[in-house]
Every structure is written in structure tokens, then in C-alpha cells.
Amino acid sequence: MDEAILTGSIRYIETNLKEKINVSLIAGSVGYSEYHFSRLFHEAMGCSVMEYVRKRRIYRASEDIIDGKKIIDAAYEYGWQSHNSFTRAFKAEYGFPPSFLRAMYMTLASGGMKMGQITCVRLSEDLTKEELLVKLRETLSENAVAYDEKELSRMYALCCQVYDGMRRYSGSEYVTHPLHVAILLADMGAEENVVYAGMFCDARKKTEEKNLPISKEIVSKEIFSKEIWNLINTVNTCEDLGEIKDERAVLIKLAERLHNMRTVEFMDEDRAGIKARETFDVFLPMARKLKNEKLVSELNDLSVKYI
């Protein structure tokens, strides 16, 4: 499907999620016949037009519920006629009822313990590298990912060395980016070595860009186990996700892109648009292949805001 047509149809959908829309209206908004548009949309998105609309409505309703809206009000607003029909659709999509989100809102409102969201774990971008290390340990433990404390400490020290002196667009230390990636991987239950590889998700590329000889010596196969090195090498050298055969490497790339999209507002408008378009066209289909609904939902939501 032509990029402009796909973008236009998605914008129409996002603008009209609370309205009564159908395939004919969506196709007409971009000047296509219903049949032709439906076929091309399915090829591009991997699902039917109205299935995509349904998923977006459930996701947007979940955000409103998290923000405090009553379940029945969110359900009606996004087109469901009853509490029960919305609950069935929500549970089929996420595996738990929307009452879970309502309970989370009540817990937050009363100052209780913060609960996880339907999106992947999200931490403040203001956390220091030391605070992120603490969060990484907590996330590994919470998700029952077995790890060796000495090896984690060694990987963290190496990570800090590699990215020393680098800054992100936001001005924060660059090392916080791969640490966020590692936490995301731990939250998704990735094994220890995958989490460690995530801590070096763009290390080779960055050290080559900066021409830092000390960092180049650190990011070498002599420093890591064969498994971790192979993952680091794959993630850093393969730009085409379709060519990556190891699903663990794909997961690292997806976690890296998710954190990049969470901080895309720090980029200039043109670059943010390019990242969003790439995320929508390349990374979303891979997240679907891995059947990771948390990644699919959030990458979709973040990308459509900038395309």
C-alpha cells in the first residue's frame, strides 16, 4: 500500500475512534474502493481494517480507564453497548478484565502501591544510571529471571565504560538508554544473557561513530561469552529486521526501538516522523510475529502520534 494512503487512513481512524466508522468510510477517506482498500490494508498491517479499529478502541479505552474514567463510560464512548460486551472484548485482547485497570486507578488515587500497566514497564527518564541498576535488579527478581549478581555488576560496569561521555538528545547520560532497554527485556521475561546483550544494544555503532578506541576494546568478543557476543554483534550490525533469524535479537531491537519512541519528543520533527514511520512499517510487524501484545499496542500508539 502507498505510504501516504496508509498514513491517511490511520489518521482518519485515530480521529474518528469514538464515531461510527466502517470500512467504506475509511476507504473513502483516502479515495479507495472498499474491496481494494481492505485487501491492501490487510497486507500492510497483518489484520483486517475493522480488527485494527477494534484493537485501537480497546487500547484507547484502557488509557481512559487508567486515567480514572468508569469502565462503562469508556465502553460506551468507544462503541460498546454494554459492560459485558466490552469486558469480553478486553479480556480476549489482554487476558485480564478491565476491572484490573480500574483497581489500579483506585490504588494509585489512594496513594497505594503502583501496579503494572498493560504497556511494558515504563520508568522516569530522569532516573540516574545508579537508580536504573537498582530497578534492573528489581525487575529481574519480579519476573523470576535467574541472574548472577557478580556478572550483572560486571556487565553494568562495562556498559558505563562503553557509553562514558555520551549524551542523548534530552541531555541525559547516554548509558541510561541501554539500561532502560535491559529493564524492558527483563520485564518481558527475557533470559539473563539477552538482558546483558540489551545493555550493549548499540554499543558497536556508537563507539564507531565516536571513534573511541578504548570503548572498541571493551566491545569485543574476548570480553563476553559467545552467546552474548553473537547477540550483540547481530543487533549492532544487522539493520534489516527481516534478516535476523534469532528471535532474541529481534526482541532486543524491539525493546531498543520502544525506548527510542518513548523519548522521540526530544528529536526534531522531521527525524521524529522518520522514526515513527519506520516503527510503524518495520518494527510493528515484527512485534506481531513475536505475538507480544504489550509491544504491539505501545509501538502502535507511539508511532501513530508522529506519522
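All values derive from a computational prediction rather than experimental measurement. (Residues numbered from 1 in each chain as written. Predicted model: local features only at pLDDT ≥ 70, side-chain atom pairs only at ≥ 80, totals over all residues. Heavy atoms only, no water.)

This paragraph deals with the overall build of the chain. Tallying secondary structure elements over the chain gives 17 helices and 0 strands in all. Expressed as a percentage of the 307 residues in the chain, the buried residues total 50%. At a minimum sequence separation of 6, the contacts of the chain that also span at least 24 residues come to 65%. Only carbon and sulfur atoms are counted for the fraction: they give 49% of the accessible area of the chain, which is about 14900 Å². (Helix = DSSP H or I, 4+ residues; strand = E, 2+ residues; numbered from the N terminus. Buried < 20%, exposed > 50% of the residue type's maximum accessible area, 1.4 Å probe, protein only. Contact = heavy atoms within 4.5 Å. Areas by Shrake-Rupley, 256 points an atom, 1.4 Å probe, with all protein chains shown as cover.)

Moving on to the side chain of S85. If you trace the backbone, S85 turns up in helix 6 (residues 83–94). For S85, a relative accessible area of 18% puts it in the buried group. Here the side chain of S85 touches S82 through a polar contact of 3.0 Å, landing on its backbone oxygen. (Polar contact = N/O pair within 3.5 Å; in protein donor to acceptor, adjacent residues only side chain to side chain.)

All right, on to unusual backbone geometry then. Here A144, not a glycine, exhibits a phi torsion of approximately 55 degrees, which is positive. The topology assignment puts A144 in the loop between helix 8 (129–142) and helix 9 (149–162). Residue A144 is classed as exposed on the basis of its relative accessible area of 72%.

Overall, the coordinates contain 1 cavity of 30 Å³ or more when judged by the stated rule. Its boundaries defined by the atoms lining it, the largest cavity holds a volume of some 40 Å³. Around the largest cavity sit V121, R122, L123, H180, I183, L184, H259 and R262, which together line it. The set of elements that each furnish at least two residues to the lining of the largest cavity consists of helix 10 (176–187) and helix 15 (247–262). For the lining of the largest cavity, the element with the highest residue contribution is helix 10, accounting for 3 residues. Within the lining of the largest cavity, the residues separate by chemical class into 4 nonpolar, 2 polar and 2 charged. (1 Å grid on protein atoms, 1.4 Å probe; cavity = no way out; pocket = protein on both sides within 12 Å on 5 of 7 lines; lining within 4 Å. Points joined across faces, edges and corners; volume = space filled by probe spheres on them. Nonpolar A, V, L, I, M, F, W, Y, C, P; charged D, E, K, R; others polar.)

Here we take up the packing of aromatic side chains. For the structure shown, the criterion picks out 7 aromatic pairs. Plain terms: the ring middles of Y32 and F37 are 6.5 Å apart, the flat faces sit at 75 degrees to each other, and that makes the pair edge-to-face. Here Y32 falls in the partly exposed class, since its relative accessible area comes to 23%. Judged by centre distance (5.5 Å) and plane angle (25 degrees), the rings of Y163 and Y174 are stacked. Placement of the pair is Y163 in the loop between helix 9 and helix 10 and Y174 in the loop between helix 9 and helix 10, with a sequence separation of 11 residues. Judged by its relative accessible area of 2%, Y163 falls in the buried class. What links up through ring pairs into an aromatic cluster is the set Y32, F37, F41 and Y52. Lying over the aromatic face of Y174, R168 brings its terminal NZ or CZ to 5.9 Å of the ring centre. (Phe/Tyr/Trp six-rings, centres within 6.5 Å; stacked < 30°, edge-to-face > 60°. Lys NZ or Arg CZ within 6 Å of the ring centre and 35° of its normal.)

Glancing now at the packing of helix 1 (residues 3–15) against helix 16 (residues 269–289). Between helix 1 and helix 16, the least distance of the axes is 13 Å, while the angle of their chain directions is 95 degrees. With respect to helix 16, the axis of helix 1 lies roughly perpendicular. Counting all contacts with helix 1, which are made through E3, L6, T7 and I10, the residues of helix 16 involved are R277, F280 and D281. Considering only residue class, the contact of helix 1 with helix 16 consists of 3 nonpolar, 1 polar and 3 charged. (Axes fitted to C-alpha atoms, helices over the stretch in contact; angles between N-to-C directions. Parallel < 35°, antiparallel > 145°, perpendicular 65-115°, else oblique.)

Of the volumes computed, that of the largest pocket is approximately 650 Å³. Looking at the largest pocket, it is lined by 24 residues, and the ones nearest its centre are K205, E256, N260, R271 and K275. Listing elements by their share of the lining of the largest pocket, those giving two or more residues are helix 12 (203–210), helix 15 and helix 16. Examining the composition of the lining of the largest pocket, we find that 5 residues originate from one element, helix 16, more than from any other. Class assignment of the residues belonging to the lining of the largest pocket gives a composition of 7 nonpolar, 3 polar and 14 charged.

Examined against the element boundaries, V145 turns out to sit in the loop between helix 8 and helix 9. On the basis of relative accessible area, V145 is assigned to the buried category, the value being 9%. Spatially, the C-alpha atom of V145 lies 9.0 Å from that of D187, the residues being 42 residues apart in sequence. With residues near it in sequence (within four places) discarded, V145 still touches L140, A186, G189, A190, E191 and E192.

Here we come to the confidence of the model for the chain. The pLDDT averaged across the chain works out to 86; a share of 89% of its residues lies at or above 70. Confidence drops under pLDDT 50 across residues 112–117; counting only partners more than four residues distant or on other chains, this segment forms 11 contacts. (pLDDT = per-residue confidence, 0-100.)

Next up on the list: helix 17 (residues 293–304). With 12 residues, helix 17 ought to run about 16 Å at 1.5 Å a step, and its terminal C-alpha atoms sit 16 Å apart, in line with that. Most of helix 17 is tucked away, with 10 of its 12 residues classed as buried. Within the span of helix 17, buried status applies to L295, V296, S297, E298, L299, N300, D301, L302, S303 and V304. Its buried side turned inward, helix 17 meets helix 1, helix 4 (49–66), helix 6, helix 15 and helix 16. (Expected span 1.5 Å × (residues − 1).)

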